[in-house]
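As a plain string of letters, each chain reads:
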Amino acid sequence: MDGDAVFGIFDAPDLDVNCRFQYNIATHEYHIWNSNKPEEEIVPIPFYWLDMKLEENGVLMKTECKIGY
């Protein structure tokens, strides 16, 4: 995290999706690159989850993971 910008890697093996991203928590704008699929096939990435973690904890840890079933 750098100011309002969050940089990270999104990896969802069950959906065969991985990419790098930048997400602005203030404006909710994002930029995606190094994706294994076209952006229109992977959006929306669940950025709301980062907003939720930030609200719950007050900070984002270096690694934030969510395992879904």
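Residues numbered from 1 in each chain as written. Predicted model: local features only at pLDDT ≥ 70, side-chain atom pairs only at ≥ 80, totals over all residues. Heavy atoms only, no water.

J.: Help me out: how do you make sense of the overall build of the protein chain in this one?
T.: Helix and strand content of the protein chain: 2 helices and 3 strands. When its helices and strands are written in sequence order, the protein chain yields β-β-β-α-α. Taking 69 residues into account, the globule formula puts the C-alpha radius of gyration at 11 Å, and the protein chain, at 12 Å, falls close to it. Overall, the C-alpha framework of the protein chain stretches about 30 × 25 × 15 Å when taken along its three principal axes. Carbon and sulfur atoms make up 52% of the accessible area of the protein chain, which amounts to about 5200 Å² in all. Looking at charge distribution, the protein chain has the averaged site of its 5 positive side-chain charges lying 8 Å from that of its 13 negative ones. (Helix = DSSP H or I, 4+ residues; strand = E, 2+ residues; numbered from the N terminus. Rg over C-alpha atoms; globule rule 2.2 N^0.38 Å. Areas by Shrake-Rupley, 256 points an atom, 1.4 Å probe, with all protein chains shown as cover. Lys, Arg positive; Asp, Glu negative; His and termini not counted. Charge placed at Lys NZ, Arg CZ, Asp CG, Glu CD.)

J.: How do you make sense of the pairing of strand E1 (residues 5-12) when you look at a structure like this?
T.: Each regular strand carries side chains that alternate between the two faces of the sheet. Summarising the sheet, E1 and strand E2 (residues 17-24) pair through 8 bridges and their orientation is antiparallel. The partner of Val6 across the bridge, within E2, is Tyr23. Where E1 folds back onto E2 in an antiparallel hairpin, the turn is made up of 4 residues, including Asp16, whose phi is positive at roughly 55 degrees. (Pairing = 2+ DSSP bridges.)

J.: Any chance you could explain the environment of Gly8 here in plain terms?
T.: Position of Gly8 relative to the elements: it lies in strand E1. Each C-alpha atom of the pair Gly8 and Lys62 lies 9.3 Å from the other, and the pair is 54 residues apart in sequence. Not counting the four nearest positions on each side in its chain, Gly8 is found in contact with Cys19, Arg20 and Phe21. (Contact = heavy atoms within 4.5 Å.)

J.: Honestly, the sheet that holds E1 in this entry has me stumped. Any pointers?
T.: Neighbouring strands of a sheet are bound in pairs by backbone hydrogen bonds; such pairs are parallel or else antiparallel. The 3 strands lie next to each other as E1-E2-E3, forming an open sheet whose pairing is antiparallel. Each edge of the open sheet is held by one strand with a lone partner, namely E1 and strand E3 (30-33). Between one strand and the next, the sheet's axes are offset by a mean angle of 25 degrees, whatever the strand orientation. (Axes fitted to C-alpha atoms, helices over the stretch in contact; angles between N-to-C directions.)

J.: Help me understand the nonpolar core in this model?
T.: Across soluble globular proteins, nonpolar side chains show a tendency to be buried alongside one another. In terms of nonpolar packing, the biggest core is built from 16 residues, with Phe10, Phe21, Ile45 and Leu50 touching the most fellow members. At the level of secondary structure, the elements contributing two or more residues to this core comprise E1, E2 and helix H2 (48-57). Broken down by element, the residue count for this core peaks at 4 residues, all from E2. Ignoring sequence-local partners within four residues, the contact set of Leu50 consists of Val6, Phe21, Tyr23 and Leu60. (Core = buried A, V, L, I, M, F, W, Y, C linked by side-chain atoms within 4.5 Å. Buried < 20%, exposed > 50% of the residue type's maximum accessible area, 1.4 Å probe, protein only.)

J.: Before we go on, may I ask you to explain unusual backbone geometry in this structure?
T.: Peptide bonds are, in most cases, trans, and in most cases residues other than glycine have a negative phi. Non-glycine residue His28 carries a positive phi angle of around 65 degrees. Mapped onto the elements, His28 comes out in the loop between E2 and E3.

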